[in-house]
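# Overview (structure and organization)
Listed here are the chains, written in short residue letters.
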Amino acid sequence: MNNDTIESLKDALKHSPDNAPLRLLLADTLLNLNRLEEAEEEFTTLLKTSRDIKVKVGLATTYFKKGNYSACNVILEEVIDLGTKDLSTFTLYAKGLLKENSIPRAIEIYKTALAIEPNYFDEELDN
């Protein structure tokens, strides 16, 4: 996606500001393009009206990419406490913990990820 797509999504949101799926598409697109400040703003706006786990994980991913590992980990801990079994959530959480030098907890979380998918491999975490 490019800037024209983002502008089209923003324009559509002007006409339908409460359209959560459209705002989530915009937030995800901004995140994928590493437009992190804008992505954070859109995810934060979504969280005011939605408790969708995708929104929380998107915001956590944004924080991780920005180097705000503490905020990332707080959100992911909450998501995991809600009962998610999403492998990518556990992996991101383990990496965030690793960045904060919480090695024993990172190992514990990565083992949980491996229990979900025994054949899973992540080079960074396996090292």
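## Some points on the packing of aromatic side chains
Across all of its chains, the model carries two aromatic pairs by this definition. Each ring, one from Phe64 and one from Tyr69, has its centre 5.2 Å from the other, and the planes form 65 degrees; the classification is edge-to-face. Taking relative accessible area as the criterion, Tyr69 reaches 22% and is therefore assigned partly exposed. An angle of 65 degrees between the planes, with centres 6.4 Å apart, marks the rings of Tyr110 and Tyr120 as edge-to-face. You can see Tyr110 sitting in helix 7 (residues 103-116) and its partner Tyr120 sitting in the loop between helix 7 and helix 8 (123-126), a full ten residues away along the chain. Residue Tyr110 is classed as buried on the basis of its relative accessible area of 7%.

## Comments concerning unusual backbone geometry
In this model, Asn34 sits at a positive phi of 60 degrees, which is unusual for a non-glycine residue. Along the chain, the position of Asn34 falls in the loop between helix 2 (20-32) and helix 3 (36-47). According to the relative accessible area criterion, Asn34 is partly exposed, its value standing at 49%.

Calculation criteria
- Residues numbered from 1 in each chain as written.
- Predicted model: local features only at pLDDT ≥ 70, side-chain atom pairs only at ≥ 80, totals over all residues.
- Heavy atoms only, no water.
- Phe/Tyr/Trp six-rings, centres within 6.5 Å; stacked < 30°, edge-to-face > 60°.
- Buried < 20%, exposed > 50% of the residue type's maximum accessible area, 1.4 Å probe, protein only.
- Helix = DSSP H or I, 4+ residues; strand = E, 2+ residues; numbered from the N terminus.

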